[in-house]
Amino acid sequence: MATEELRRRVDQIWQRIFAHPFVVELYAGSLPMEKFKYYLLQDYNYLVNFAKALSLAAARAPGVDLMKTALELAYGTVTGEMANYEALLREVGLTLKDAEAAEPNRVNVSYMAYLKSVCALEGFYHCMAALLPCFWSYMEIAEVHREKLAANPVAVYRKWASVYLSQEYRALVSKLRGVLDASGLSAEGLWPYFKEASMYELEFWQAAYEGH
């Protein structure tokens, strides 16, 4: 399967994500709240543009079913996921206006621009290969640090992370992997997009930890 090969090739990058201090401290409950607040503001802005990228992907879908998949993901991002983020913002003393006013850092801007350019200019499956690491790596992060989360003393951290351990989220990742595996494309052709997005994921965590 193409996605199995992509995952194998990207393992060194993802292992760095799993061991990143932001991730480790978040799941252990020792991450300073100010760092988490900064991450939430950045990620909220990222999600807005992620939905735009999915909408662009829908326009390049080779069939109605795949168009529907991309549009459902875009809709879910701007409704359910954004609503969850608004609730999280309130729990940490932030507002939607704070998120809308936050200036995306340079990694965020670059990552968003990359996804939107791929989805506007490349093929549908290339776009999905660039979007998949965001979904998939969060699921694996949660699996790797599941035991830490169980003992996490910070309720908002547990609430945020538990989403990525749900059966619904696992099913979503499986569905997206299935789209790529059914495409008939080799891992070789999808690899540049999957790798680049994985590097951006690592850099996003680093920028959140540094606060800029």
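A few points on the structure. All residue numbers refer to position in the chain's written sequence, counted from 1. Confidence filtering applies because this is a predicted model: local features only for residues at pLDDT of at least 70, side-chain atom pairs given and counted only at 80 or more, and all residues used for totals across whole chains, interfaces and linings. Values shown for side chains rest on all heavy atoms present in the structure; no hydrogens or waters enter the calculation.

Focus on the nonpolar core
Counted only if it meets this: To qualify as a nonpolar core, a set must consist of buried Ala, Val, Leu, Ile, Met, Phe, Trp, Tyr and Cys residues joined through side-chain atoms within 4.5 Å. Buried, partly exposed and exposed residues are distinguished by accessible area as a fraction of the type maximum, computed with a 1.4 Å probe on protein chains only: under 20%, between the cut-offs, and over 50%, respectively. In DSSP terms, a helix is any run of H or I states spanning at least four residues, a strand is any run of E spanning at least two, and both are numbered starting from the N terminus. Pairs of residues are marked as contacts when any of their non-hydrogen atoms sit within 4.5 Å.
If you look at the biggest cluster of nonpolar residues, it comprises 84 residues, and the most contacted ones within it are Y27, F36, Y39 and W160. For this core, the leading source of residues is helix α8 (residues 124-144), giving 15 residues. Setting aside chain neighbours within four positions, we find Y27 in contact with I141, A142, H145, K148, L149, N152, W160, A161 and Y164.

Remarks on the packing of α8 against helix α12 (residues 187-210)
The condition is simple: Each axis is a line fitted through C-alpha atoms, taken for helices only over the stretch in contact, and angles between the N-to-C directions span 0 to 180 degrees. Roughly parallel means an angle under 35 degrees; roughly antiparallel means over 145; roughly perpendicular covers 65 to 115; every other angle is labelled oblique. If you view the pair so one helix is near and one far, a crossing is left-handed when the near helix is turned anticlockwise from the far one by less than a right angle, and right-handed when it is turned clockwise. Think of it as three bins: nonpolar holds Ala, Val, Leu, Ile, Met, Phe, Trp, Tyr, Cys and Pro, charged holds Asp, Glu, Lys and Arg, and polar takes everything else, Gly as well.
Here α8 crosses α12 at 45°, and the two axes come no closer than 8 Å. Taken as axis vectors, α8 and α12 run oblique relative to one another. With respect to the hand of their crossing, α8 and α12 are arranged in right-handed fashion. Contacts from Y125, H126, A129, A130, L132, P133, C134, W136, S137, Y138 and I141 in α8 reach G189, L190, Y193, F194, A197, S198, E201 and W205 in α12. Class assignment of the residues belonging to the contact of α8 with α12 gives a composition of 14 nonpolar, 4 polar and 1 charged.

Some points on the packing of helix α4 (residues 33-59) against helix α7 (residues 106-121)
When two helices pack together, you describe them by how their axes are tilted relative to each other and by the distance separating the axes. Contact geometry of α4 with α7 gives a least axis separation of 8 Å together with a crossing angle of 10°. Put simply, α4 runs roughly parallel to α7. Contacts between α4 and α7 pair Q42, N45, Y46, N49, F50, K52, A53, L56 and A57 from the former with N108, Y111, M112, L115, K116, C119 and A120 from the latter. Looking at side-chain class alone, the contact of α4 with α7 contains 10 nonpolar, 4 polar and 2 charged residues.

Some remarks on the side chain of E201
For E201, the location among the structural elements is in helix α12. Apart from residues no more than four positions distant in its own chain, E201 is found in contact with I17, Y46, Y111, P133, C134, S137 and Y138.

Describing the state of the cysteines
Think of a disulfide as a covalent bridge from one cysteine sulfur atom to another cysteine sulfur atom. Definition in use: Put simply, a disulfide is two cysteine sulfurs that come within 2.5 Å.
Evaluated as defined, the whole model comprises 1 disulfide. Looking at C134, it has no disulfide partner, and the nearest cysteine sulfur is the one in C119, 12 Å off. The exposure class of C134 is buried, given its relative accessible area of 12%.

Observations regarding the packing of aromatic side chains
Filter applied, for reference: Stacked, tilted and edge-to-face are the three classes assigned to paired rings of Phe, Tyr and Trp, where Trp is represented by its six-membered ring and a pair needs centres within 6.5 Å; plane angles under 30 degrees give stacked, over 60 edge-to-face, the rest tilted. Comment: the charge-over-ring label is applied if NZ (Lys) or CZ (Arg) is within 6 Å of the ring centre and within 35 degrees of the ring normal.
Following the criterion strictly, the structure yields 25 aromatic pairs and no others. One cation-aromatic arrangement involves K35 over Y209; the distance from NZ or CZ to the ring centre is 4.4 Å.

Concerning the pattern of salt bridges
A side chain of one charge can pair with a side chain of the opposite charge if their charged atoms are brought near each other. Selection criterion: What makes a salt bridge here is a side-chain nitrogen of Lys or Arg within 4 Å of a carboxyl oxygen of Asp or Glu, nothing more.
Considering all chains together, one arrives at 11 salt bridges under this definition. For R7, the salt bridge identified is with E140, shortest N-O distance 2.8 Å. You can see R7 sitting in helix α1 (residues 2-9) and its partner E140 sitting in helix α8, a full 133 residues away along the chain. Comparing R7 with E140, the two get one shared label, buried.

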